[in-house]
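Okay, here's what each chain looks like letter by letter:
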Amino acid sequence: MGSDGVGCERWRGEMMGRWMGLLGRVGRVGRSRWLWAVVLVGPAVAGGSWALQAMTARAIGGWTASTYGVLPDVLVLRLVSPPAVRGQQVVYRPGLGDRVAEPQKPGDPVWLSRWGQTVGALVGRDRALLYELDRYDGPAATADFLDELTAYRLVPTAEGPGPLTLWPEGGDRPEDPAGAAAEPPESLGRSGEASAEGKSNSNPNSNSGPDPDSDSDSGSAPAPPGPPLAIRAVYRKSMPTDSARIGPWSFAWPVEHRIYLKLGEPLQPGQTYRLRYPTATEGEETQAEITFRYDPRRDRSEAVRVSQLGFRPDDPLKVGYLSEWAGSGGGLSFPTDLSFWVKDRDHVRHWNGKIQLAKGADQAEDPYRNYTGTPVYRMDFSGLDRPGRYRLCVETVGCSFEFEIGDRVWETAFGTAMQGFLHQRSGIALGPPQTPWRRPRPFHPEDGVQVYQSTARLMDVDMGLGKTSAFEALVAGKTDEVLPDAWGGYFDAGDWDRRIQHLDAAHLLMELVELFPDWASQTVLAIPEAQGSPLPDLVDEVLWGVDLFRRLQKPDGGVGGGIESAEHPRHGEASWQESQMVLAYGPDPWSSYGYGAAAARVARLLEPYDRELAATYRTSALGAIAWAEGEWQRAKGQFDHHGVRDRRNLAALLAYQLTGEESWHDIFKETTVFANKDAPTYEWQSHDQRLAAFLYAQLPRDRADETLQKQARAALLREADTALAQGQRTAFGWTKRHPYDPVGWGMGLGAPRAEALLRAHALTGDVNYLTGAIAAAQFSLGANPNNTTYTTGLGWRSPRNPLAIDWRILGRGVPPGITVYGPLDTQKMPQDWATDLLAQATFPPPKTWPVAEAFFDVYFIPAINEYTLHETIAPSAYTWGYLAGRAAMVPKGPEPPDGFERAIPPAADGPEPGGPP
């Protein structure tokens, strides 16, 4: 699936037609009679002693309730329905009343009905397994009753908060940002005032000392009950938390509601309150209650946003954000004189400052518009370099998730992304000791899988550069030739294809090895090759992706574009159960240039470690490029697509680097765009020579054309300057590869778009580029309106429902390392069938949501929750790997550029140590 070239356009059109049949057909699910346990997640932190926000939630009709503060007079009630029960594969035993609906066209599910009721889909060539439909027994998504002002009652009470159950199903995952499972906190009670003994200032501008607000937890008796607080207005935003397929084209929706109560007077810190709120069961409105203690000095608030990974001590930028979009209530503004502080697990403050407005709700963030829909405030604590675990807290609002300042935070993120490579491998069984996530071996010839050679070329079809249906062309071009070595590589995303575009990921990993050879040689990955291989683990991972195409190479040197099934996967079938025909693309110049370029680079990397294998790749690379060059010359411009020209340019450059032969250099000089001193590295539908520019800029001067090298370098720095300026315009610091790129699919915000900035930093050492890259990485790591990292297994809250078919069918959760596309711009990248489907469980309508918040963790929405190796996983790994592998900054560089001003005043004007913020 994914978005290789224009290959997904046909699929998107087909899916739109199919899914439009869904609209209006999803009935209301019967409401549950369950009485759910009292559960609530407070701001717990792995192994720490944070005092927890103790609340009592009695969930009627399946709802689980909790609260958090946004402003003293705005309280948020969070209602979460129970999860769906996902279907499983079971042995199919035919019974009376069974009826099999034969597929009408390739790829259609084999639906089984029993006595007229669809029960699931039959799986595999022998149809021996039944993949059951999902089940959802929770409350329906319809929630108009939650908008009634008179249905809420908030009363101060002398009661203490109720019992606390940690980590309920469907709550935030109890994972340490470093990847370890959370331990129970030391105490569920308040920790009282912490001692500052043994603590030292990590920066002269910081304010280290005991939390002066901890007196609120000194054990004083609660205030007496008072009259109800006036509730002036009720606002709401609702979003699905998953999808349950309860019929062939019918869905039910687990959902989360956030109800914003605008109060007539502020809540009082330390006071306990009882909130009555509406719910419904069996179609009848009822009332439930939750008791909570309001303490914004300690409680976690969803309005406070910071990287859930954290920072390296010498990172030149450390920043968090404050914002809240209240759905039907619009954006919320905060007083601009609010103080913030950073405190450790002992409630010792290490930094104080004032919030600063980063971007108003009506200020554009790119050439199009504003993406947040609400004012966003920045909190800069860049000078804090003392290792530890911290939370960012805002006066009268609350605190963030815990984050770390430590030497290996970027290694943690990089290692997680590299697990995404492992979990996308085809042709290998997964399991211990490399990963606890078990999966049978898919698409291997020893298991009876046959891959047929097709005459269809990837460059001619819609999964490559053309417009013809790839599936139709592959099947029409099928031959009787079976390819015994056509296995390996990486799955694309929600499909089983392995295409030549995936070699873009290999280039990014090889770039890390070339930039940081010592770091790369010491980096240990959890891969099967780690034991006994003379190669660095990163190089072994590169070989896994490249070697598939070497084995597909024909004796004359030509290389095909990869392997594809005859259609998208059938519903209910995992990769190792594929029942459709599997075919390989025929050789074409575009694919051969692409493979030849990657293989030439591999040959150079292998030289210090394995000269024999390096020679094998050298011969293979030059053979592929020579074959493609011959086809290019014979075609005389018949396939003069800019994609082929760019691949030819890159292949010639890497062949020149490998051999030193000037003939290849001449082809590079003839095809480079940098003969024009003003040429950009990328221009839509014209060229993309970013990688070639970076490689040429690094050539030894005596091997490069001086003018071309200078102009390639200048183009790279212009691109980086544009990205830097773009990041400084956005509220959360994210940037794009090009200011006019829309947000979504392969250009989404799930992965950081920092390659241009990091390459400029590699060329110049300018800390401004490094600062911009770190800023760009924050959004994908949780400093965003959803407080979600967009890579599975990373941070406190990450996607649970990516479009990862194998893991959905296995039903064991999703493995780490999958970076999803992330929020979708429904205006610039309309997906009407998807947004219409989401509208059944989303309020306000999904097309009205701010783009930066329009992330819905729903399995069936590929534009948001799909991913690819080369568009999301590899760019994440590259960014985090660069930030891990770079040399320590001693001393720190100059101040960050405009847009990231220090929020801490000089020490002489700052607050007294230990005093209020």
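Conventions adopted
- Residues numbered from 1 in each chain as written.
- Predicted model: local features only at pLDDT ≥ 70, side-chain atom pairs only at ≥ 80, totals over all residues.
- Heavy atoms only, no water.
- Buried < 20%, exposed > 50% of the residue type's maximum accessible area, 1.4 Å probe, protein only.
- Helix = DSSP H or I, 4+ residues; strand = E, 2+ residues; numbered from the N terminus.
- Pairing = 2+ DSSP bridges.
- Expected span 1.5 Å × (residues − 1).
- Polar contact = N/O pair within 3.5 Å; in protein donor to acceptor, adjacent residues only side chain to side chain.
- Axes fitted to C-alpha atoms, helices over the stretch in contact; angles between N-to-C directions.
- Disulfide = S-S within 2.5 Å.
- Salt bridge = Lys/Arg side-chain N within 4 Å of Asp/Glu carboxyl O.
- Core = buried A, V, L, I, M, F, W, Y, C linked by side-chain atoms within 4.5 Å.
- Contact = heavy atoms within 4.5 Å.
- pLDDT = per-residue confidence, 0-100.

Novice: I would appreciate a short explanation of the pairing of strand 33 (residues 582-586) in the present structure.
Specialist: Looking along a regular strand, one sees the side chains alternate between the two faces of the sheet. Burial runs high along strand 33: five of the five residues are buried. Both strand 29 (residues 451-457) and strand 33 contribute to a ladder of four bridges, which runs parallel. Counted as the bridge partner of Tyr452 is Leu583 from strand 33. Strand direction decides the pairing type here: strand 32 (residues 562-565) and strand 33, joined by three bridges, are antiparallel. Bridge assignment links Ile563 to a residue of strand 33, and that residue is Ala584.

Novice: Help me understand helix 9 (residues 642-659), please; the structure alone is not making it clear to me.
Specialist: Note on helix geometry: an α-helix contains 3.6 residues per turn, so any two residues three or four positions apart are oriented the same way. Taking 1.5 Å per residue, 18 residues should reach 26 Å; helix 9 reaches 26 Å between its end C-alpha atoms and fits that length. With 16 of 18 residues buried, helix 9 lies mostly within the body of the structure. Of the residues one or two after helix 9, Gly660 is the one with positive phi, at around 75°.

Novice: Can you help me understand the environment of His350 in this one?
Specialist: Take His350: it is sitting in strand 23 (residues 348-354). C-alpha separation for the pair His350 and Arg386, spaced 36 residues apart in sequence, amounts to 8.6 Å. Separated by 2.9 Å, the side chains of His350 and Asp344 make a polar contact.

Novice: Just checking my understanding: could you explain the pairing of strand 21 (residues 319-322) for this structure?
Specialist: Neither face of strand 21 is exposed, since Val319 and Tyr321 on one face and Gly320 and Leu322 on the opposite face are all buried. Sheet topology note: the strand 19 (residues 304-306)/strand 21 ladder contains three bridges and is antiparallel. If you follow Arg305 over to strand 21, its bridge partner there is Tyr321. By the bridge criterion, four bridges tie strand 21 to strand 25 (residues 376-380) in an arrangement that is antiparallel. Across the sheet, residue Gly320 finds its bridge partner in strand 25, namely Met379.

Novice: For this particular structure, what's the right way to read the sheet that holds strand 5 (residues 74-80)?
Specialist: The pairing of strands in a sheet comes from backbone hydrogen bonds and takes either a parallel or an antiparallel form. Taken together, four strands build an open sheet; the order of strands is 4-5-16-13 and the sheet is antiparallel. Two strands close off the open sheet at either side, each with one partner strand: strand 4 (64-71) and strand 13 (231-240). Between one strand and the next, the sheet's axes are offset by a mean angle of 20°, whatever the strand orientation. As paired elements, strand 13 and strand 16 (residues 255-263) share nine bridges and run antiparallel to each other. Of the residues in strand 16, the one forming a bridge with Lys237 is Arg258.

Novice: Mind showing me how you'd approach the state of the cysteines here?
Specialist: Disulfide: a covalent bond formed between the sulfur atoms of two cysteine residues. As enumerated under the stated definition, the model contains one disulfide in all. A sulfur-sulfur separation of 2.1 Å characterises the disulfide bridge that pairs Cys393 with Cys399. Torsion about the S-S bond of the Cys393 and Cys399 cystine: about 105°, corresponding to right-handed handedness. By relative accessible area, which is 0% here, Cys393 ends up buried.

Novice: I'm lost on the pattern of salt bridges in this one. Help?
Specialist: Pairing between side chains becomes possible if they bear opposite charge and their charged atoms approach one another. Counted according to the given criterion, the structure contains 44 salt bridges. Arg114 is the partner of Asp98 in a salt bridge, and the nearest nitrogen-oxygen pair spans 2.7 Å. With Asp98 in strand 7 (residues 98-101) and Arg114 in strand 8 (residues 110-114), the pair connects residues that are 16 residues apart, well separated along the chain. Across the pair Lys237 and Glu853 runs a salt bridge, and its minimum N-O distance is 2.5 Å. Residue Lys237 is located in strand 13, and its partner Glu853 is located in the loop between helix 16 (832-838) and helix 17 (862-865); the two are separated by 616 residues in the primary sequence. Lys237 sits in the buried class, given a relative accessible area of 2%. Here Glu853 falls in the buried class, since its relative accessible area comes to 4%.

Novice: Is there a simple way to explain the nonpolar core in this structure?
Specialist: Nonpolar side chains tend toward joint burial in soluble globular proteins. Core analysis: the biggest nonpolar cluster contains 178 residues, and Trp410, Phe414, Phe421, Leu538, Tyr595, Tyr617 and Trp880 have the highest contact counts within it. In terms of residue count, helix 7 (residues 589-606) provides more of this core than any other element does, 11 residues in total. Beyond its immediate sequence surroundings of up to four residues, Phe414 is in contact with Leu512, Trp519, Thr523, Leu525, Leu538, Ala877, Trp880 and Gly881. Val74, Phe340, Met379 and Leu392 belong to the second-largest nonpolar core, a separate cluster that totals 29 residues.

Novice: Where do I start with the sheet that holds strand 21 in this structure?
Specialist: Judged by pairing direction, the sheet is antiparallel, and its four strands sit side by side in the order 19-21-25-24 without closing on themselves. In the strand order of this sheet, the two ends are held by strand 19 and strand 24 (356-359), each with one partner. Here the strands of the sheet are splayed against their neighbours by 35° on average, with no regard to which way each runs.

Novice: What is the right way to look at the environment of Gly320 in this model?
Specialist: Within the element layout of this structure, Gly320 appears in strand 21. Separated by 57 residues in the primary sequence, Gly320 and Tyr377 have C-alpha atoms spaced 8.5 Å apart. In this view, Gly320 contacts Arg305, Val306, Tyr377, Arg378, Met379, Phe381 and Leu392; residues no more than four positions away in its chain are not counted.

Novice: Help me out: how do you make sense of unusual backbone geometry in this one?
Specialist: Where the residue is not glycine, phi is negative for most of them; where a peptide bond is considered, it is trans in most cases. Cis geometry is found at the peptide bond from Pro432 to Pro433, where omega equals 5°. Along the chain, Pro433 turns up in the loop between helix 2 (409-423) and strand 29. Between Phe843 and the following residue, Pro844, the backbone shows a cis peptide bond with an omega angle of -10°. Secondary-structure assignment places Pro844 in the loop between helix 16 and helix 17. Positive phi outside glycine occurs at His347, with the angle close to 65°. Structurally, the position occupied by His347 is in the loop between strand 22 (339-344) and strand 23. Overall, the relative accessible area of 1% leaves His347 in the buried class.

Novice: Help me understand the confidence of the model for the protein, please; the structure alone is not making it clear to me.
Specialist: Chain-level statistics for the protein give a pLDDT mean of 85 and a share of 82% at 70 or above. With pLDDT under 50 throughout, residues 1-60 is counted as low confidence; its partners more than four residues away or in other chains account for 227 contacts. pLDDT under 50 marks residues 890-917. Its contacts with residues more than four places away, or in other chains, come to 68 contacts.

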